[in-house]
Amino acid sequence: MKQDSDLRNNLKSIRTRLGMSQQDLANIASVTRQTISGVESGLYAPSVAITLRLAKALGCQVEDLFWLERDLPEIEAVLAKPVPNGQQLRVSVARVGGQWIAYPLIGKDAFRQDMIPADGESTSLAGTNKVRVRLLDDNLDTLHNTVVIAGCAPVISLWARATERWHPQLRVQYNFANSMAALHSLCRGEAHIAGMHLYDPETGEYNTPFVRDVLAGREAVLITLGVWEEGLLLKSGNPMGIRTVSDLVAGGATIVNREIGSGSRMLLEQTLQKEQIPFDAVQGFDNILKTHQDVAQAVVRGVADAGISTASVATAFGLGFIPLHRSRYDLVILKEYLEEAPVQQLLSTLGHRMVHSQFEILGGYDISKIGEVVATV
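In what follows, the accompanying structure is described.

Reading the values: rules and limits
- Residues numbered from 1 in each chain as written.
- Predicted model: local features only at pLDDT ≥ 70, side-chain atom pairs only at ≥ 80, totals over all residues.
- Heavy atoms only, no water.
- Pairing = 2+ DSSP bridges.
- Helix = DSSP H or I, 4+ residues; strand = E, 2+ residues; numbered from the N terminus.
- Axes fitted to C-alpha atoms, helices over the stretch in contact; angles between N-to-C directions.
- Salt bridge = Lys/Arg side-chain N within 4 Å of Asp/Glu carboxyl O.
- Buried < 20%, exposed > 50% of the residue type's maximum accessible area, 1.4 Å probe, protein only.
- 1 Å grid on protein atoms, 1.4 Å probe; cavity = no way out; pocket = protein on both sides within 12 Å on 5 of 7 lines; lining within 4 Å.
- Points joined across faces, edges and corners; volume = space filled by probe spheres on them.
- Nonpolar A, V, L, I, M, F, W, Y, C, P; charged D, E, K, R; others polar.
- Disulfide = S-S within 2.5 Å.
- Patch = residues over 30% accessible without salt bridge, like charges linked within 9 Å, V, L, I, M, F, W, Y side chains within 5 Å.
- Areas by Shrake-Rupley, 256 points an atom, 1.4 Å probe, with all protein chains shown as cover.

Description of the sheet that holds strand 3 (residues 77-79)
Part 1: Spatial strand order, 3-5-4: three strands in an open sheet with mixed pairing. Each of the sheet's edge strands pairs with one partner strand only, and the pair in question is strand 3 and strand 4 (91-96). When the angles between neighbouring strand axes are averaged without regard to direction, this sheet yields 35°.
Part 2: Bridge count for strand 4 against strand 5 (residues 99-104) is six bridges, and the pairing is antiparallel. Pairing of Val-93 across the sheet is with Ala-102, part of strand 5.

Section: the pattern of salt bridges
Part 1: Considering all chains together, one arrives at nine salt bridges under this definition.
Part 2: Taking the shortest distance from any N to any O, the salt bridge between Lys-235 and Asp-305 comes out at 3.5 Å. Note that Lys-235 is positioned in the loop between strand 13 (220-234) and helix 10 (245-250) and Asp-305 in the loop between helix 12 (292-301) and strand 16 (306-310), a separation of 70 residues in sequence.
Part 3: Given a relative accessible area of 16%, Asp-305 falls into the buried group.
Part 4: A salt bridge links Arg-328 to Asp-330, with the nearest nitrogen and oxygen atoms 2.7 Å apart.
Part 5: Look at Arg-328 and you get buried, because its relative accessible area is 19%.

As for the layout of surface pockets
Part 1: There is about 490 Å³ of room inside the second largest pocket.
Part 2: Lining the second largest pocket are 21 residues, with Arg-17, Leu-18, Leu-58, Gln-344 and Leu-347 sitting closest to its centre.
Part 3: Of all the secondary-structure elements, those providing two or more residues to the lining of the second largest pocket are helix 1 (11-17), strand 13, helix 14 (341-348) and strand 19 (373-376).
Part 4: Broken down by element, the lining of the second largest pocket gets its largest block of residues, four residues, from helix 14.
Part 5: Counted by class, the lining of the second largest pocket contains 10 nonpolar, eight polar and three charged residues.

With respect to the state of the cysteines
In protein chemistry, a disulfide is the covalent bond that joins the sulfur atoms of two cysteines.
Part 1: Within the structure shown, the criterion is met by zero disulfides.
Part 2: No disulfide involves Cys-152; its sulfur sits 18 Å from the nearest other cysteine sulfur, which is in Cys-187.

Notes on a nonpolar patch on the surface
Part 1: A contiguous nonpolar patch, built from Ile-75, Leu-79, Val-91, Val-93 and Trp-100 and spanning about 400 Å² of accessible area, is present on the exposed surface.
Part 2: Mapped onto the fold, Ile-75 is located in the loop between strand 2 (66-68) and strand 3.

So this is what it looks like as structure tokens:
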């Protein structure tokens, strides 16, 4: 049957994330490989029986695989704060006093830093590194259904919130950590997933060499979240006319840097070395900040003329941006965690249109390979 023009599927993304070929899936679902190829390419609309077989073979719901694309509704809303005319905005929306209110997600409003509710109160046990925790409620199911991610990509929180809407019983805890810190956190058993974006110029590989080194023989998979643009954040309008890292030195610009172990610092150091610029020739090289948001805010406030971050962060804060590198952001997961239900639920949403929409409207990300297993160690 010819594909319905409104019917969409993410069969390929789920299949490849599970490491299955078209023939593997065809064998399990008792269909031909041509059927799998036709469905994935949008040339064939499967019957109800085949749809059920595919969902069962992939261990997911039919709704996770197929959906109807319809025109999305539009509403008229009142902006909660003034913005430049004609500027396209990311907004959150609420119904207040009988009318729709749109809240622009710009600058600090794009990054929620509310106090996090506690699950319990802890007391240290003498002579050990353990604590006794007095829970504040008896909802142990929530604690069991929590996935912990360590990483520094702001989009992780977007992914987490979209996942929690899709799986209301799942909780995603996002712990901020730079790439190396996240990897060590995973190794210490403090997280299910580590997010990282480190480039090894000697091998030309992303992330994998660092994972092999730190995990030292433990088995893990690397799943791509996306490829993001990294570069220089600059004041709006680029008043200093900066185009390269060399221009920072020539123009006497002041920067803010990231801590050792972060992908942003590594990119800055590799770029300086490539251009044969000593680190101490850059004003502010030792001015250390901990997050992408902090770097952006320092440039917005005029504390620094530039800093290393991503195109999406530049857009969120209304800053200028000079691209230096396209970096692959991967999720590192120990194989022992892969079969846990909360982890599977979280990973299953990487192919979901709700997640894709959040990434696409943010900008600065290439998610054409999202959810693909790019390496095993």
